[in-house]
Amino acid sequence: MSGTNRWRLAAWMLLAGQGVAQAQTEWHSEGFLALRAGVTDAPVGWLQGGYGRLLDGADDGLQAGAGLEGRWLLGFDSGLAWSGRLHLAGRTDRDAGGRHLGVVEAFIERRWFGEDGQRWQLRGGQFFLPTSMENIERGWVSPYTLTHSALNSWIGEEFRPLGLDLSWRRALDEQRSLELAATVFQGNDASGALLAWRGFAWHDRVSVYGEALPLPDLFSLRDPAIFGDQRDDGTQPFGRDLDGRPGYALRLRLAGERQAWRLAAVDSRGDLELHRGEYAWRSRFVVAGWERDALSEGWGYAAEWLAGDTRMGIPGRPKVHLRFNTAYLLASYGRDPWRCTVRVEGFDSDDLDRSAAENNEESGWALTLAALRQFERWRVGVEYLYVDGHRPAAAVEGQPLQQGGQQLRLEVRYLF
């Protein structure tokens, strides 16, 4: 049985037993429309096939940009046992690669409740792993800033399991709870290509199923003797499985009255080889997070750290092996209807392959200042972002070594 058919069978098995059709089902719909405008002095952005770390940019001087995005979440709940969600995204990406409309998430889940405050949950489909400490609102949206951290920008681009997730949660007392979970997934084999060949980026764009994202115009991707067999339109983070090898993730969450800690470990188990114009990257990483009073009135704090490595390559040919890490700390002050946030982060990557391909190392830091105001169904935000980042591979191609920049961004969002 093929990998795709196995996941289809697993999804249907979730519906076996107590049928959803026999339960009292409530449907709900929500989402938002966001109009954005901004100005930046960053280089040409990666969605235009450049080396810049932001979505917009220009060869020189300031670049103004605007866009419209919509998200729609359709879900159902059948009592306490069954629920599901379909999460769609639509946007305008000016002169950019990628899809304008697609599926972000689609899953169903079943819950069982036991004694001593225990709960088991089985989820099947495509979904975000609940690791983020900043993207905590429904639809994987941040209540703190307009632009995600480098860590969560990459998660939104390249890592979203398509498989089964089993979690167990137990209340330790009235204020504390412990959760353990395991995930087995496929369809994420190309995850790692953007991180290695482009590097970290800053945005709030989430990839949709089956879309191809542009890669920089690197000499190793143009040379048939190196990586010239990579598909011409870029990389497809989520889609049909390449090598038939499932990946896995393990995670832990401990929550108290005012604080919470999360830890997750992921191994995509890619076979490193070329399949239908894409390499099956083996990406292994851990994500650790902490938050304290994050969304309370007054001051709250959150932090995350990502570390791991990603690699691929056919034996006897040049390969890529990159070790990466990034971390951020944010402090947020809330007083209804305002929330103001400052976030500081650092990042670096080490090129371990030393092959004939370009040097994929990079290092830098970033600062984000954001203010958001809620007006019932409307949210207005303004944000300043500064990124300082060096990438030798860009300099080899005649581009500036400094691939960071500044961005001022405004957004008006309507919630429905």
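The text that follows walks through the structure, step by step, so that each part is easy to find. (Residues numbered from 1 in each chain as written. Predicted model: local features only at pLDDT ≥ 70, side-chain atom pairs only at ≥ 80, totals over all residues. Heavy atoms only, no water.)

Within the secondary structure, Glu304 sits in strand E13 (residues 298-312). A polar side-chain atom of Glu304 sits 3.1 Å from the main-chain amide nitrogen of Met133. Of note is the side chain of Glu304, whose polar atom sits 2.9 Å from the side chain of Asn152. (Helix = DSSP H or I, 4+ residues; strand = E, 2+ residues; numbered from the N terminus. Polar contact = N/O pair within 3.5 Å; in protein donor to acceptor, adjacent residues only side chain to side chain.)

The next subject is the nonpolar core. Of all hydrophobic cores here, the largest spans 30 residues; its most connected members are Ile155, Phe159, Phe200, Trp202, Val266, Phe285 and Leu306. Elements that contribute at least two residues to this core include exactly strand E4 (101-113), helix H2 (150-158), strand E12 (282-292) and strand E17 (378-390). Membership of the second largest hydrophobic core comes to 22 residues, among which are Ala201, Leu215, Leu221 and Phe227. (Core = buried A, V, L, I, M, F, W, Y, C linked by side-chain atoms within 4.5 Å. Buried < 20%, exposed > 50% of the residue type's maximum accessible area, 1.4 Å probe, protein only.)

With that out of the way, let us pick up the packing of aromatic side chains. Any two aromatic rings considered together are summarised by their centre-to-centre distance and by the angle between their planes. The final tally for this structure, using the stated rule, is 15 aromatic pairs. Relative to Phe185, the ring of Phe159 lies with its centre 5.6 Å away and its plane at 80 degrees, an arrangement referred to as edge-to-face. Here Phe159, found in the loop between H2 and strand E6 (162-171), pairs with Phe185, found in strand E7 (residues 177-186); they are 26 residues apart in sequence, far enough to count as distant. Each member of the pair Phe159 and Phe185 is classed as buried. A cation over an aromatic ring shows up here: Arg123 above the ring of Phe107, its NZ or CZ 4.1 Å from the ring centre. When the ring centre of Phe127 is taken as origin, the NZ or CZ atom of Arg123, which lies over that ring, is 5.6 Å away. (Phe/Tyr/Trp six-rings, centres within 6.5 Å; stacked < 30°, edge-to-face > 60°. Lys NZ or Arg CZ within 6 Å of the ring centre and 35° of its normal.)

With respect to the helices and strands, Arg36 occurs in strand E1 (residues 25-40). For the pair Arg36 and Leu146, spaced 110 residues apart in the sequence, the C-alpha separation amounts to 9.7 Å. Not counting the four nearest positions on each side in its chain, Arg36 is found in contact with Gly65, Ala66, Gly67, Glu69, Asp204, Arg409, Leu410, Glu411 and Arg413. Polar side-chain contacts of Arg36 include one of 2.6 Å to the side chain of Glu69. Among the polar contacts listed, one links the side chain of Arg36 to the side chain of Glu411, at a separation of 2.7 Å. (Contact = heavy atoms within 4.5 Å.)

This paragraph deals with the layout of surface pockets. By volume, the largest pocket is sized at about 1,000 Å³. In terms of lining residues, the largest pocket is bounded by 46 residues, among which Arg85, Arg123, Pro130, Ile136 and Arg262 are the most central. Among the residues making up the lining of the largest pocket, the classes are represented as 18 nonpolar, eleven polar and 17 charged. (1 Å grid on protein atoms, 1.4 Å probe; cavity = no way out; pocket = protein on both sides within 12 Å on 5 of 7 lines; lining within 4 Å. Points joined across faces, edges and corners; volume = space filled by probe spheres on them. Nonpolar A, V, L, I, M, F, W, Y, C, P; charged D, E, K, R; others polar.)

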